[in-house]
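Letter by letter, the chains look like this.
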Amino acid sequence: MPRGLRRRAKLPTHPRCRYTKSSSLTAICLSGLPSPLPFPRSFGRPMSSLTDRDGLAIEATDLTKVYKDGVKANDQLNINVRRGQVYGLLGPNGAGKSTFVQQVLGLIEPTAGSVEVFGANPVHDPDTVKRMIGYLPQTTFAMRDLYAEEAIYFTGRLKGLSHREAIEQREHLFSVFDLEEIRGKAVFQASGGMQRMAGFVAALLGHPRLLVLDEPTNDLDPLRRRAVWDMIRRVVNEDGATCLLVTHNVLEAERVVDRVALINDGRVVAEGTPGKLKERLGESLRVEAWLREDGELAAEQLTDLSALGILRQPRPHQLSILVPLDGVGTTVDRVLATIGLEQIDDFRVATASLEDVYVELVGRSIADDDAEVAAAALPDEAPVAAG
Ligand SMILES: Nc1ncnc2c1ncn2[C@@H]1O[C@H](COP(=O)(O)OP(=O)(O)OP(=O)(O)O)[C@@H](O)[C@H]1O
Ligand SMILES: [Mg+2]
């Protein structure tokens, strides 16, 4: 370990911590100094805010952001996040999710409309708001030149934890997420997934009332993704926290979120519980088939299948047809007859998922390029989308 890092650095500066005022995570951290501790003291202790479940954690009203170059990233967003919920923000690249997050954090000032966090305005009262939030930005960890354990320790200290608390919480989370391998490594030397984990751990420090996680499972392996989802549910269920969760991992998020807003082009196109959103598809089931590697479908076969329901071809060898409940039997028969059993590697019938809603509402607009070739072979009324 380089000299100088052995000494306990005086906060808020550290010789190897190259944070800048514009660094969002650091901005959140620094804003916590030197105010009194807003957090409970030991990890695992339920928050006093267990009685905090009534009311809104985030209330966005007609929230609009137009960047200097004229891009309208958020367009009159109305989003209410109730306390004690995991609220998912889903939408394609460029939909305006991170812009919304940064307005919640007070890092970007709204062009019009307003947003409140536990009743406080992030622009007028940034310190109050930032102290309540644990934030995992979409971009990299702020203190990336420090060793991972130092970066997490200093984040804890900057959040107002004592030396002991910062170490206790860090060690607890290192153990929960099995992060030993990043100890003694500078954050930037860790793999992408492990940097993400370090950022997630940093966001959890100090039991924030509101966790704001911008794509927390990017780059993570399946086991760590599961650990992250479990932890999110735990801090919400047991600690009484609220979580605003931005993710592209719609299939897995469905099991974690209480409510969802689907955003496209800066606007909310659907909002509600996953169950409620799925009702939009009616009583539908998804019939899926995987072709053998050497299997190929002719344009006429695709045309036939597209007449059965909403046909998607997420991959060249995978087909998915969303069909009304009463059409499942016919569809299965037709798929088997059209493709031929010898061409099929795997086959299943599944309930419609949140991802199906996503594809139905925003998927076609972002997938048209990918699906162009397949769609060209189909009549206009047969919707095909890449998944
Ligand atoms: N600082 C900025 N200046 C100008 N335009 C910006 C800025 N930040 C974002 N944008 C634009 O605003 C729109 C929304 O971007 P944003 O990052 O909020 O989308 P997103 O939903 O988070 O996308 P992704 O899923 O790719 O992270 C995009 O068109 C983007 O190019
Ligand atoms: Mg984003």
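Above this text is the structure in question.
On a predicted model such as this, the values are computed, not experimentally measured, just so you know.

K.L.:
What should I look at first to understand the overall build of the protein in this one?
P.N.:
Per the secondary structure count, the protein includes twelve helices and 14 strands. Considering the protein as a whole, with its 387 residues, one finds that 54% of them fall into the buried category. Look at the contacts in the protein between residues 6 or more apart in sequence, and 71% of them connect residues 24 or more apart. Counting only carbon and sulfur atoms, one obtains 47% of the accessible surface of the protein, whose full area is about 17600 Å².

K.L.:
Explain the coordination of the magnesium ion (ligand 2) here, please?
P.N.:
Each angle at a metal carrying four tetrahedral donors should ideally be 109.5 degrees, and each at a metal carrying six octahedral donors should ideally be 90 or 180 degrees. The protein atoms donating to the magnesium ion (ligand 2) are Ser98 (OG) and Gln138 (OE1), with metal-donor distances spanning 2.0 to 2.1 Å. Of this pair, serine 98 sits in helix α2 (residues 97-104) while glutamine 138 is found in the loop between β5 (133-136) and α4 (148-158), placing the two residues 40 residues apart along the sequence. Given the relative accessible area of 17%, serine 98 is considered buried. With relative accessibility at 39%, the residue glutamine 138 sits in the partly exposed group.

K.L.:
Before we go on, may I ask you to explain the site of ligand 1 in this structure?
P.N.:
Neighbouring ligand 1 are 15 residues; Gly94, Lys97, Thr99, Gln138 and His248 lie closest to it. Contact distances for ligand 1 include 3.1 Å between an oxygen atom and a backbone N or O atom of alanine 95. At a separation of 2.8 Å, an oxygen atom of ligand 1 approaches a polar side-chain atom of histidine 248. Burial of ligand 1 by the protein amounts to 64% of the accessible area it has alone, namely 630 Å². If you tally residues by element for the shell around ligand 1, the top one is α2, at three residues. Its residues assigned to classes, the shell around ligand 1 comprises five nonpolar, seven polar and three charged.

K.L.:
I'm lost on the sheet that holds strand β2 (residues 72-82) in this one. Help?
P.N.:
Within a sheet, each strand pairs with its neighbour through backbone hydrogen bonds, oriented either parallel or antiparallel. Reading across the sheet, the three strands line up as β2-β1-β4 and stay open at both edges, with antiparallel pairing between neighbours. Bordering the open sheet on either side are β2 and β4 (112-117), each of which pairs with just one other strand. Pairs of neighbouring strands in the sheet enclose a mean axial angle of 15 degrees, with direction left out of account. For strand β1 (residues 56-66) and β2, the ladder comprises seven bridges, and the chain directions are antiparallel. Across the sheet, residue isoleucine 58 finds its bridge partner in β2, namely valine 81. Its contacts with the sheet put α2 on β1, β2 and β4, and the angle it makes with β1 is roughly 120 degrees.

K.L.:
Where do I start with the packing of α4 against helix α5 (residues 163-176) in this structure?
P.N.:
Two packed helices can be described by the angle between their axes and the distance between those axes. Where α4 contacts α5, the axes come no closer than 9 Å and their chain directions differ by 130 degrees. Put simply, α4 runs oblique to α5. In the crossing of α4 with α5, the sense of the turn from one axis to the other is right-handed. For the pair α4 and α5, the contacting residues are Glu149, Glu150, Ile152, Tyr153, Gly156 and Arg157 in the first and His163, Ala166, Ile167, Arg170 and Phe174 in the second. For the contact of α4 with α5, the residue count by class is five nonpolar, two polar and four charged.

Criteria and cut-off values
- Residues numbered from 1 in each chain as written.
- Chains lettered and ligands numbered in written order.
- Predicted model: local features only at pLDDT ≥ 70, side-chain atom pairs only at ≥ 80, totals over all residues.
- Heavy atoms only, no water.
- Helix = DSSP H or I, 4+ residues; strand = E, 2+ residues; numbered from the N terminus.
- Buried < 20%, exposed > 50% of the residue type's maximum accessible area, 1.4 Å probe, protein only.
- Contact = heavy atoms within 4.5 Å.
- Areas by Shrake-Rupley, 256 points an atom, 1.4 Å probe, with all protein chains shown as cover.
- Donors = N, O, S within 2.8 Å, 3.2 Å for Na, K, Ca; no water.
- Near = heavy atom within 4 Å.
- Polar contact = N/O pair within 3.5 Å; in protein donor to acceptor, adjacent residues only side chain to side chain.
- Nonpolar A, V, L, I, M, F, W, Y, C, P; charged D, E, K, R; others polar.
- Pairing = 2+ DSSP bridges.
- Axes fitted to C-alpha atoms, helices over the stretch in contact; angles between N-to-C directions.
- Parallel < 35°, antiparallel > 145°, perpendicular 65-115°, else oblique.
- Left-handed = near helix turned anticlockwise from the far one by under 90°.

Limitation: the analysis is restricted to geometry and does not speak to function.
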